[in-house]
Protein chains: 2
Amino acid sequence: MALAIGVDIGGTKIAAGLVDEDGAVRGWHRRATPGSDVQLVEDRIVGAVAALRAAATGRRQAVVAVGVGAAGFVSAGGTRVLFAPHLAWRDEPLQQALQERIDLPVHVDNDANGAAWAEARFGAGRGESRLVCVTLGTGIGGGIVIDGRLERGRYGLAGEFGHMVVVPGGHRCECGNRGCWEQYASGRALGREARALLASGSPSAQPLLARAGGDPAQLTGEVVTQAATDGDPAAGELVTEVGEWLGAGLANLAAALDPGTFVVGGGVAAAGDLLLDPARAAFARTLTGRGHRPPAQIVAAERGPLAGVVGMADLARRAVLDGR
Amino acid sequence: MALAIGVDIGGTKIAAGLVDEDGAVRGWHRRATPGSDVQLVEDRIVGAVAALRAAATGRRQAVVAVGVGAAGFVSAGGTRVLFAPHLAWRDEPLQQALQERIDLPVHVDNDANGAAWAEARFGAGRGESRLVCVTLGTGIGGGIVIDGRLERGRYGLAGEFGHMVVVPGGHRCECGNRGCWEQYASGRALGREARALLASGSPSAQPLLARAGGDPAQLTGEVVTQAATDGDPAAGELVTEVGEWLGAGLANLAAALDPGTFVVGGGVAAAGDLLLDPARAAFARTLTGRGHRPPAQIVAAERGPLAGVVGMADLARRAVLDGR
């Protein structure tokens, strides 16, 4: 059984894991992302890979490749991180930098492509010929799988759905635009709206403030998602609103790409049907040609927070073994 | 040389042509689309095919297939027109109806897929591995060509870019939604805005009214496009505005699909750089990650108003000869 190591570098966390050929995770760990320090991110990746490799060697198991998913625009061929809205990378030769320090083939791709691949191969997208995966974390990541192939676009940048403008002149986005979808349907949107509710003086936000330890700055998307799951009414309304933006955006993607299945993953998706039911309702209400076409299904991701790790490991292994 | 017949049924016109293997048109004609009469549209198609076939026979040339492009949502496999925002088709078994009356293999597809295919094979998209074609006519048609294959989506409905919502709560669209892209970047949008300018009492619209024979209802996108090309200042401003919406929408598509080339065709594209320069400027201003990525090029279609005819003929010929 050839193992591969997957590393997933998100806006706030680095996760790494040892993954087998069936997509099972045989060991993993997670740390904070030192977002503004390129060198420190590299060091953490190298350290994580060394630790997981030592664990595999201790069990007399071979590791054949390392896949690194980066929350940024990764160039075709995976050589450079061109731009990362939430991290410090600007035209960073990440693949080469890691390859010089890691004695295994290193494959770099967009983190959301990793998650999409994991769902297509081992998760909620199995058997679907036209899959679109959206990952709702700090922002929105996206991946497209067509007939068993990741569609990366001409320059490697396909699937950046989060930066489609859904509200002209809307909220500012880290990418430099206004009104990007991820400003309305992401963990960051949940946190911002919760803080706005609090700032409005609404008493309904007080339980959320208590959950954040009395510090509005700690009122993040994760806190709101957990509160909604626990039945907090205000949090439930905020998740519903984000779900409606999610569904409207998926209807736009259905107009363009017509997938059979949308898989929704990422931290916000932990809210489950509290998020997906409003999304499905908004999708059904705004899908062009609705009533005259088979609608795509909208399902929750199955591979959880390690989907990116699993997918990147599998992509790296395939790149080595199959020349893909 | 095996000829094929292509038929392109748009919102306002039916065009048909005899097309050779190199994409050259060896004869064609065009008539108005009887939009609200399904039977009459069918009769016109059958009549057009018979006339072109007789012309080919007279020249002792063989016709091997008929491709029909419909301005509507065509199901996977091309059997049914599920829905046509601008025409009367609702779950219409067009392929079977035509096949019963035409003694050649009949292939049905979305009209914009035909135009995209013509540009990919014989026009402005030659050699491009990731092509997105948008056709600005009455509405907006779209087609996606990836690695020499039309990407039709899971149910045949990919490329309906015109029905992506770009302005929440915006102008009503024939598809039933509000704020669809084609309400802002199409011939219909040009006509609507020209009539609105006129209704506002602006003297700048008087030359346009004169071109429309004094009848505001005749102030169509075609009239405005022609006036802009002739140097009318008000028409130029209207085309600029449509161009800016075009560029903003292309930036959204670049975020999702990352093509190397956008080909812009259709009647409004007759305005050339009057339309495309504002589109390129808006695209450059709103592309996510701009400055950190190779931008797609935005080019004019090369195959003119018969692109759909050429593409549908070629798709039909390939379906017969190559089993594709």
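Predicted model only: the values in this text are computed from it and were never measured. (Residues numbered from 1 in each chain as written. Chains lettered and ligands numbered in written order. Predicted model: local features only at pLDDT ≥ 70, side-chain atom pairs only at ≥ 80, totals over all residues.)

### Some points on the overall build of chain A
Within chain A, the secondary structure is distributed over nine helices and 13 strands. Relative to a compact globule of 324 residues, whose C-alpha radius of gyration would be 20 Å, chain A shows 19 Å and is just as compact. Within chain A, buried positions represent 60% of all 324 residues. (Helix = DSSP H or I, 4+ residues; strand = E, 2+ residues; numbered from the N terminus. Rg over C-alpha atoms; globule rule 2.2 N^0.38 Å. Buried ≥ 20, exposed ≤ 12 C-beta atoms within 10 Å, placed from the backbone.)

### What about the interface of chain B and chain A?
Taken together, the contact pairs 38 residues of chain B with 38 residues of chain A. Broken down by secondary-structure element, the contributors of at least two residues to the side of chain B that touches chain A are β6 (81-83), β7 (90-92) and α7 (233-257) of chain B. With six residues, the single largest contributor to the side of chain B that touches chain A is α7(B). Of the residues in the side of chain B that touches chain A, the class split is 20 nonpolar, 10 polar and eight charged. (Contact = placed C-beta atoms within 7 Å. Nonpolar A, V, L, I, M, F, W, Y, C, P; charged D, E, K, R; others polar.)

### What about the sheet that holds strand β5 (residues 73-74) of chain A?
All names here are of chain A. Ordered by their spatial adjacency, three strands build an open sheet running β5-β6-β7, and the pairing between neighbours is antiparallel. A single partner strand is all that each edge strand has here, and the edge strands are β5 and β7 (90-92). One ladder, built from two bridges, connects strand β6 (residues 81-83) with β7; its direction is antiparallel. Among the inter-strand pairings, F83 is bridged to a residue of β7, identified as R90. (Pairing = 2+ DSSP bridges.)

### Brief notes about the relation of the copies chain B and chain A
Expressed as a screw transformation, the operator carrying chain B onto chain A has a rotation angle of 180° and an axial translation of 0.0 Å, and the superposed copies differ by an RMSD of 0.0 Å. What the superposition gives is, in effect, a two-fold axis relating one chain to the other. When the interface residues of chain B are mapped onto chain A, 100% of them are again interface residues, pointing to one common binding face. (Least-squares fit on C-alpha atoms with pLDDT ≥ 70 in both.)

### Some thoughts on the sheet that holds strand β3 (residues 25-32) of chain A
All names here are of chain A. Spatial ordering of the open sheet is given by β3-β2-β1-β4-β8, a layout of five strands whose pairing is mixed. Of all the strands in the sheet, the pair left with one neighbour each is β3 and β8 (106-110). Averaged over all pairs of adjacent strands, the angle between strand axes in this sheet comes to 15°, irrespective of strand direction. Packing of helix α9 (residues 307-321) onto the sheet brings it into contact with β1 (3-9), β2 (13-19), β3, β4 (63-70) and β8, and relative to β1 it is tilted by some 130°. (Axes fitted to C-alpha atoms, helices over the stretch in contact; angles between N-to-C directions.)

### Observations concerning the pairing of strand β3 (residues 25-32) of chain B
All names here are of chain B. Across six bridges, strand β2 (residues 13-19) lies against β3 in antiparallel orientation. Within the sheet, the bridge partner assigned to A16 lies in β3 and is H29. Counting the residues that bridge the hairpin from β2 to β3 gives five residues, and of these G23 lies at a positive phi of roughly 85°.

### Brief notes about the packing of helix α3 (residues 111-122) of chain A against α9(A)
Residue and element names in this part refer to chain A. At a minimum axis separation of 7 Å, α3 and α9 run at an interaxial angle of 85°. It follows that α3 is roughly perpendicular to α9 by the angle criterion. For the pair formed by α3 and α9, the contact residues are D111, G114, A115, A116, W117, A118, E119, R121 and F122 on the first element and A307, G308, V310, G311, M312, D314 and L315 on the second. By residue class, the composition of the contact of α3 with α9 is nine nonpolar, three polar and four charged. (Parallel < 35°, antiparallel > 145°, perpendicular 65-115°, else oblique.)

### A word on the confidence of the model for chain A
Residues of chain A with pLDDT of at least 70 account for 99%, and the chain-wide mean is 95. Quick note on the complex model: pTM equals 0.95, ipTM equals 0.94. (pLDDT = per-residue confidence, 0-100.)

### As for the domain arrangement of chain A
Residue and element names in this part refer to chain A. The assigned domain composition of chain A is domain 1 (3-119 + 305-321) and domain 2 (126-302). Here the C-alpha centroids of domain 1 and domain 2 sit 24 Å apart. Elements with a minimum of two residues in the side of domain 1 that touches domain 2: β5 and α3. Residue contributions to the side of domain 1 that touches domain 2 peak at seven residues, all from α3. When grouped by side-chain class, the residues that make up the side of domain 1 that touches domain 2 number nine nonpolar, seven polar and two charged. (Domains from an automatic or database assignment.)

### With respect to helix α6 (residues 221-229) of chain B
Residues and elements named next belong to chain B. Taken together, the buried positions of α6 are occupied by G221, V223, V224, T225, A227 and A228. Of the surrounding secondary structure, the elements contacted by the buried residues of α6 are α4 (187-199), α5 (206-211), α7 and α8 (273-286). G231 occupies a position one or two residues after α6 and carries a positive phi of about 100°.

### Digging into α4(B)
All names here are of chain B. Compared with an ideal rise of 1.5 Å per residue, which puts 13 residues at 18 Å, α4 spans 18 Å between its outermost C-alpha atoms and is within 8% of the ideal. On the buried face of α4, the contacting elements are β9 (130-136), α5, α6 and α7. G201, located one to two residues past α4, shows a positive phi value of around 85°. (Expected span 1.5 Å × (residues − 1).)

### Structural notes on the pairing of strand β12 (residues 261-265) of chain A
Residues and elements named next belong to chain A. Of all five residues making up β12, five are buried, and the element is well covered by its neighbours. Here β12 shows a buried face lined by T261, V263 and G265 and a second buried face lined by F262 and V264. Pairing of strand β9 (residues 130-136) with β12, which is carried by five bridges, proceeds in the parallel orientation. Each bridged residue has a counterpart across the sheet, and for L131 the counterpart in β12 is T261. Note: β12 against strand β13 (residues 297-300), four bridges, orientation parallel. Note that in β13 the partner of V263 across the bridge is V299. Taking the sense of rotation as the criterion, the β-α-β connection linking β12, helix α8 (residues 273-286) and β13 turns out right-handed. (Right-handed = clockwise from strand over helix to strand, strands pointing away.)

### Observations concerning the environment of A316(B)
All names here are of chain B. By the secondary structure assignment, A316 is in helix α9 (residues 307-321). Along the sequence, A316 and G67 sit 249 residues apart, while their C-alpha atoms lie 4.8 Å from each other. Not counting residues up to four positions away in its chain, the partners in contact with A316 are A4, A65, V66, G67, P105 and H107.

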